[in-house]
Structure formats: structure tokens, C-alpha cells
Amino acid sequence: MAALSAWFWNERFWLPHNVTWADLADPAPGLEYPKAGHLLAALPLALGIFAVRILFERFIASVCARSLHIQAGTGRRAQPNAVLEKVFTSITKNPDSRHLDGLSKQLDWDVRKVQRWFRHRRNEDKPSTHTKFCESMWRFTFYLGVFIYGSQFLWQSPWLWDTRHCWYGYPYQVMTPGLYHYYVTELAFYWSLMFSQFTDIKRKDFLIMFIHHLATVGLISFSYVNNMARVGSLVLCVHDASDFLLEAAKMANYAKYQHLCDFLFIVFGVVFFITRLVIYPVWVLNSTMFESWAIVGPFPSWWLFNVLLLVLQVLHVFWSYLIFRIALKAMMRGKVCNDVRSDIESSSEEESEKVTDGPKTFLRNPKGENGTNGHCAAAKARTHNHSSW
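This section reports on the structure supplied with the text. Here the structure is a predicted model, which means the values were calculated and not measured. Per chain, residue numbering runs from 1 following the sequence as it is written. Only residues with pLDDT of at least 70 are given local features in this predicted model, and only at 80 or more are side-chain atom pairs given and counted; all residues enter the totals for whole chains, interfaces and linings. No hydrogens and no water enter the side-chain calculation; it runs on all heavy atoms of the structure.

## Points about the packing of aromatic side chains
Next, step 1: In summary, the pairing rule links any two rings of Phe, Tyr or Trp, Trp by its six-membered ring, whose centres are within 6.5 Å, and it sorts them by plane angle into stacked for under 30 degrees, edge-to-face for over 60 and tilted for everything else. If you walk through the whole model with that rule in mind, you get 34 aromatic pairs.
Next, step 2: A centroid spacing of 6.4 Å and a plane angle of 80 degrees characterise the contact between Phe88 and Trp117, whose relative ring orientation is edge-to-face. Pair noted here: Phe88 is in helix α5 (residues 82-90) and Trp117 is in helix α7 (residues 111-124), with a separation of 29 residues, a long-range link. In terms of burial, Phe88 and Trp117 fall into one category: buried.
Next, step 3: Taken together, Phe8, Trp9, Phe13, Trp14, Trp21, Phe222 and Phe305 form an aromatic cluster joined through their ring pairs.
Next, step 4: Over the aromatic face of Trp109 sits the side chain of Lys113, whose NZ or CZ is 4.3 Å from the ring centroid. Runs of H or I in DSSP of at least four residues are treated as helices and runs of E of at least two as strands, each being numbered from the N terminus. The buried label applies to any residue whose accessible area, calculated with a 1.4 Å probe on protein chains only, is under 20% of its type's maximum; exposed applies above 50%, and partly exposed to all values in between. In this scheme, the term charge over a ring applies when either NZ of a lysine or CZ of an arginine sits within 6 Å of the ring centre and within 35 degrees of the ring normal.

Here is the structure:
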């Protein structure tokens, strides 16, 4: 284990030339450099956030949902049937024509009736509009709160106004309490999202979202350990700027406020484009790739960090294209199309057109959510991505 630890924490990978872990081990009294052990505090905090989320959704978001006439429940339930239930749980949730014909003959049911049973049964395993509204309200509250905190903290930080301060004196940069709290809170939130995936209703994008949350946790932890937290805080704030707008648009969609949803989605799209396609590459990537090269110089973890940030930028371009395509279709139809990661299926047997933005997923259903027309949709991922990161 000692050999494995020494290999993993190799100074030549993590630190600039002529810098060792010993150099960072004993800062001046009252000062602290980032250490990997600091991140362990995120785990109990994640459990606390998860508990707060449960209470928030049950006693605050649920009340708001009911006040907006969003009722709990998934609609019509499938009638109990042992034969079909066994097929559903052990063979397939989407039977093909061969299975449908066989079940139709076995039960003496019309094929359409068998199809309808499977559709209703699948809907039972999907979150109701009430559940999704509560989830979006929780995410909206957290994203907005952490964005306000991050903005206030960065407003007083010199590297917001001159990104070269992200690299002056690197890696001997003190971890301030404000930066530490910002980082650990964001990290704990994404840990809590990973925890909640195993207790929430399982969705089709379970694996995709799990990988996204895991990658986000990895990026935040990586930038903290090699003390790139200053520029990391800029990346976090840039991503947080649009996430709460998407959740607000989703809440408006679930509450059936069409015009508000359309407006919020447009604002989200504009902010997304500005932050991800302009500010991020011009401000953040310019600093991590060119300013840091001139001030600190490259080293192995520097290369890896920049490669990951460039991959993130490629994803930004891809997600922006998808958002633009949705907005274009919306303008042509006069409304923002419906979304849903795992919404109630339409009574139509047509395949819905699904578009994924990484941490956000958009789904156009010809009849709209729950078979109704004209409701906008923008659903997650956080984003944010991750995405967020």
C-alpha cells in the first residue's frame, strides 16, 4: 500500500518542478494549504445535504406544488395481473410483437389492451409531475444559493478581476475559509446526488447521470488537491450561472405556466451561450492554458487539468447546438417543446425524439407532457454539470 500511495502521489506529476509535498506541509502559523484529507469533510456534509433535501421536498416543495395544483400520483395504474407482472419484472418492460401476440392469446386479451397494460405499468415506475417539481425546486434553491454565495465570494477575490492572480505564487497559495467552504459545499452536493440516485425512482439515464456526477466529483477533487482551486472557483461559478434558470423553467413547465416557461428557457439559453461559449473559453481557458504557462510553466497534472477543461468545452459546444436546435423548433412552432428525462409516456405509440445535453436532457413529445399540448420542457442532467462540471 505504501508503494501504491507513493506512486499515486508522485510529486513529479502533481506539483511544478522543484516543489515537493514537504514544501507544502508546514505553512506559516494560521495559514493552510489544500490537502486531500480536507475533502473528507464533504462526505458527512453530503449526507446532511441529502437529509435537508428530503425535508425540503416533503415540507416546503410539496406544499408549493399543491398550491400550484400539482397533485401527487402517476395517473392510471395497471390492473393487477400476475402473468403480465412476471413478464414485466423478469423478461421485458417493452414486449415486442411476438411477446404481445403470445400474451394476447394466453390471456384472451386484445393486443392493444396488453400494450396499454405495459404502458401503465411502466408509468408506475416513473416519477410523477409532483415529484419532479419538488426535485427541481430543491435543485433551483441549491443552485441559486450556491451561485449567490460564489458570486459574493469571488467579487471580493482578486482573481475574479485579474485571472493571473490564479497563478501568482502557485502552488504556495493559501486556502481561505471562503474558498474552502465554496469548494466543499459544491463537492458535497454532487456526492449527495450520487447517494440520492440509489433511493430515488430509477430512471433511464441512471448510468449516464451517475458517471456525470462521478466525473464532477473527480474534477472538483483533482483541482483542489493540486491547489488549482482559484481557477476552479471560476469554473464552478460560470457553470452555476445557468443551472438555476433551467430548473426554474422546469418548474414553470410542471406548473403549466407556458409563457413563463418559454421566457425562462430563452433566458437560460442566452446565459448558457454567453457563459459556456464566450466567458469560459475567453476568460477561464485563456488563464489555464496561457497565463499559467507564462507564470508557472507546464507540468504533468497541468496538462491533464487543461485536457479535461478542453473536453468540457467540446461538450459545451455540443450542448449549445442541441439547445439552439430546440429553440429553433420552438420558434417555428411558437412554443418551447416538451421535455422529460422520464416523464409519463404519451398514449401515442410514436417514439419521442430525445435530445441529451449531458447533464440536461430534453425530450420532445408530439402531444406534450402527459398527452397535453403546449408545455415547454427543459430537463436535467449539472449540468450542472454536472453539469456543472
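## Some thoughts on α5
Next, step 1: Restricting attention to buried positions, one finds in α5 the residues Leu84, Val87 and Phe88. For α5, the angular spread of the buried residues around the axis is 100 degrees, confining them to a single face. Structural note: α5 exposes Ala82, Lys86, Thr89 and Ser90 on the side pointing more than 90 degrees away from its buried face.
Next, step 2: We call two residues contacting when some pair of their heavy atoms lies within 4.5 Å. Structurally, α5 contributes buried residues whose contacts are with α6 (97-107) and α7.
Next, step 3: We define a polar contact as two N or O atoms separated by no more than 3.5 Å, with the added condition that, inside protein, one atom must be a possible hydrogen donor and the other a possible acceptor, whereas residues neighbouring each other in sequence contribute only through side-chain atom pairs. Taking the backbone nitrogen of Val83 as reference, a side-chain oxygen 3.1 Å away marks Asn81 as the first, capping residue of α5. Picture the helix axis, draw a direction to every C-beta atom, and the arc is the one those directions span.

## Some remarks on the nonpolar core
Next, step 1: Within the largest apolar cluster, 71 residues are counted, with the highest numbers of intra-cluster contacts made by Phe189, Met228 and Tyr280.
Next, step 2: Counting only elements with at least two residues in this core, the list comes to α4 (42-67), α8 (129-155), α9 (158-161), α10 (177-197), α11 (206-225), α12 (229-254), α13 (258-295) and α14 (300-333).
Next, step 3: The leading source of residues in this core is α12, at 12 residues.
Next, step 4: Filtering out sequence-adjacent residues up to four positions away, Met228 remains in contact with Trp167, Tyr170, Tyr183, Ser223, Phe299, Trp302 and Phe305.
Next, step 5: To qualify as a nonpolar core, a set must consist of buried Ala, Val, Leu, Ile, Met, Phe, Trp, Tyr and Cys residues joined through side-chain atoms within 4.5 Å. Grouped together as the second largest cluster of nonpolar side chains are 11 residues, Ala78, Leu100, Trp117 and Phe118 included.

## Regarding the pattern of salt bridges
Next, step 1: Counted as salt bridges are all cases of a side-chain nitrogen of Lys or Arg within 4 Å of a carboxyl oxygen of Asp or Glu. Within the structure shown, the criterion is met by eight salt bridges.
Next, step 2: A salt bridge links Lys35 to Glu32; the nearest nitrogen and oxygen atoms lie 2.8 Å apart.
Next, step 3: A salt bridge links Arg139 to Glu135; the nearest nitrogen and oxygen atoms lie 3.8 Å apart. Placement of both Arg139 and Glu135 in helix α8 is noted, with a separation of four residues, approximately one turn of the helix.

## Some remarks on the packing of α8 against α10
Next, step 1: Axis geometry follows a simple rule: fit a line to the C-alpha atoms, using only the stretch in contact for helices, then measure angles between N-to-C directions, giving values from 0 to 180 degrees. Running from N to C, α8 and α10 point in directions that differ by 160 degrees, and their axes come no closer than 10 Å. Classified by the angle their axes make, α8 and α10 are roughly antiparallel. Where α8 crosses over α10, the handedness of that crossing is left-handed. Between α8, through Trp138, Arg139, Phe142, Tyr143, Val146, Tyr149, Gly150 and Phe153, and α10, the contact on the second element is made entirely by Gly178, Leu179, His181, Tyr182, Thr185, Glu186, Phe189, Tyr190 and Leu193.
Next, step 2: Gly is put with the polar residues, along with every residue not named as nonpolar or charged; the nonpolar set is Ala, Val, Leu, Ile, Met, Phe, Trp, Tyr, Cys and Pro, and the charged set is Asp, Glu, Lys and Arg. Here the residues of the contact of α8 with α10 sort into 11 nonpolar, four polar and two charged. Each angle receives one of four descriptions, namely roughly parallel if under 35 degrees, roughly antiparallel if over 145, roughly perpendicular if within 65 to 115, and oblique otherwise. Two helices that cross are described as forming a left-handed crossing if the nearer one is turned anticlockwise from the farther one by less than a right angle, and a right-handed crossing if clockwise.

## With respect to a positive patch on the surface
Next, step 1: Together, Arg76, Arg112, Lys113 and Arg116 line one region of the surface with positive charge.
Next, step 2: With respect to the helices and strands, Arg116 occurs in helix α7.
Next, step 3: For Arg116, a relative accessible area of 34% translates into the label partly exposed. Each patch is built from salt-bridge-free residues with over 30% relative accessible area, joining like charges within 9 Å and nonpolar side chains (Val, Leu, Ile, Met, Phe, Trp, Tyr) within 5 Å. Working definition of accessibility: Shrake-Rupley area with a 1.4 Å probe, residue cover restricted to the visible protein chains. Charge assignment: positive for Lys and Arg, negative for Asp and Glu; neither His nor the chain ends contribute. The atoms used to mark charge sites are NZ of Lys, CZ of Arg, CG of Asp and CD of Glu.

## Points about the packing of α11 against α14
Next, step 1: Put simply, α11 and α14 touch, their axes get as near as 11 Å, and they point 145 degrees apart. In this structure, α11 crosses over α14, and the sense of that crossing is left-handed. On α14, the residues touching Leu219, Phe222 and Ser223 of α11 are Ser301, Leu304, Phe305 and Leu308.
Next, step 2: Classifying every residue of the contact of α11 with α14 by side-chain character gives five nonpolar, two polar and no charged.

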